[in-house]
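# Close look at the chain arrangement
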Amino acid sequence: MNPIKIRQATAADAELVADMSRRAFFATFGPMNTKEDIEKYMSVQFSRELLMDEVGAPGNIFLLAYLQDEPVGIVKLKENSIETGLDAQNPIEIARFYAMPEMVGKGVGKAMMQYCIAFAKERGNDALWLGVWEQNQRAIAFYTAFGYEKFGEHGFLLGDDMQNDWVMLKRV
């Protein structure tokens, strides 16, 4: 039995979603980018207020992973999100996918991905897709192990730094 429990977030979870998202983003990308670019991105495009407003907004589905009563991971799914070159009739995007920094490598990501795949199948989605920074080799290896395949690339502006994301797809 998997000790990781996953549930959909509600509007009451908006502060938790925002705080977990910011903490995980900073821990993941802060060491690999300039302080200025991270600060600009987090203050302008990833502010606590903006993140809180995303919870409950149409088309957004947030999932929270727990180990006992501790929140250990977060996923943001986006409905009706289309990407150039995406060959699917009813896809859903994994827009954010984070295990908390101290939980990386402890099965949280695996449990969350298994949940996302089952969730998409249950809803009738035919594919999951996501963008992942081309320099985040650990994440690329994780997604590849779950059967995701690269089908394109797109830009991602982090502060003033235009980065390149791989766009990956998994049929479900």
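Presented here is a report on the structure given in the accompanying data block. (Residues numbered from 1 in each chain as written. Predicted model: local features only at pLDDT ≥ 70, side-chain atom pairs only at ≥ 80, totals over all residues. Heavy atoms only, no water.)

## Focus on the sheet that holds strand 6 (residues 149-158)
What counts, and what does not: Whether two strands pair comes down to DSSP finding at least two bridges between them. Each helix is a run of DSSP H or I of at least 4 residues and each strand a run of E of at least 2, with the numbering of both proceeding from the N terminus. In this analysis an axis means a line fitted to C-alpha atoms, helices contributing only their contacting stretch, and an angle means the value between N-to-C directions, from 0 to 180 degrees. When checking whether two residues touch, look at their non-hydrogen atoms; a contact exists if any pair is within 4.5 Å.
Spatial strand order, 1-2-3-4-5-7-6: seven strands in an open sheet with mixed pairing. Sheet topology places strand 1 (4-8) and strand 6 at the edges, where each strand pairs with a single neighbour. Neighbour-to-neighbour, the strand axes of this sheet turn through a mean angle of 30 degrees, independent of strand direction. Pairing geometry for strand 2 (residues 60-67) and strand 3 (residues 70-79), over eight bridges, is antiparallel. Bridging across to strand 3, asparagine 60 finds its partner in lysine 78. Each of strand 1, strand 2, strand 3, strand 4 (91-99), strand 5 (127-133) and strand 7 (161-171) touches helix 4 (residues 108-123); the most contacted strand, strand 4, lies at about 160 degrees to it.

## As for the nonpolar core
Across soluble globular proteins, you tend to see nonpolar side chains buried next to one another. We count it as follows: To qualify as a nonpolar core, a set must consist of buried Ala, Val, Leu, Ile, Met, Phe, Trp, Tyr and Cys residues joined through side-chain atoms within 4.5 Å. Burial classes follow relative accessibility: with a 1.4 Å probe on protein chains only, a residue under 20% of its type's maximum area counts as buried, one over 50% as exposed, and anything between as partly exposed.
In this structure, Phe25, Leu77, Ile94, Met113, Tyr143 and Tyr148 are the most contacted members of the largest nonpolar core, which totals 52 residues. For this core, the element with the most residues is helix 4, which contributes eight residues. Among all residues touching leucine 77, those that are not within four sequence positions of it are Gly59, Asn60, Ile61, Leu63, Ile92, Glu93, Ile94, Cys116 and Phe119. Counting residues in each nonpolar core, the second largest holds six residues, with Leu86, Trp129, Val167 and Leu169 among its members.

## A word on the environment of glutamate 93
Filter applied, for reference: Throughout this description, a polar contact denotes any pair of N or O atoms lying within 3.5 Å of each other; where both atoms belong to protein, one of them has to be capable of donating a hydrogen while the other can accept it, and for residues adjacent in sequence the pair is counted only when both atoms sit in side chains.
Relative to the helices and strands, glutamate 93 resides in strand 4. Among the residues examined, glutamate 93 registers a relative accessible area of 12% and is labelled buried. Counting along the chain gives 38 residues from glutamate 93 to glycine 131, while the straight-line C-alpha distance between them is 8.7 Å. Those residues in contact with glutamate 93 that sit more than four places away from it in its chain are Lys76, Leu77, Lys78, Ser81 and Trp129. In terms of polar contacts, glutamate 93 uses its side chain to reach the side chain of serine 81, at 2.5 Å.

## Here we look at the pattern of salt bridges
As a reminder of what qualifies: Think of a salt bridge as a Lys or Arg side-chain nitrogen and an Asp or Glu carboxyl oxygen that are within 4 Å of each other.
Counted by the stated rule, this structure contains 11 salt bridges. Its salt-bridge partner being lysine 35, residue glutamate 39 comes within 3.8 Å of it at the nearest N-O pair. Here lysine 35 and glutamate 39 lie together in helix 2 (residues 35-44), a separation of four residues that amounts to about one turn. A relative accessible area of 45% means that glutamate 39 is categorised as partly exposed. Here lysine 40 makes a salt bridge to aspartate 160, at a shortest N to O gap of 2.5 Å. Placement of the pair is lysine 40 in helix 2 and aspartate 160 in the loop between strand 6 and strand 7, with a sequence separation of 120 residues. Residue aspartate 160 is classed as exposed on the basis of its relative accessible area of 60%. Ionic contacts of the salt-bridge type, sharing partners, join the residues Glu15, Asp19 and Arg48 into one network.

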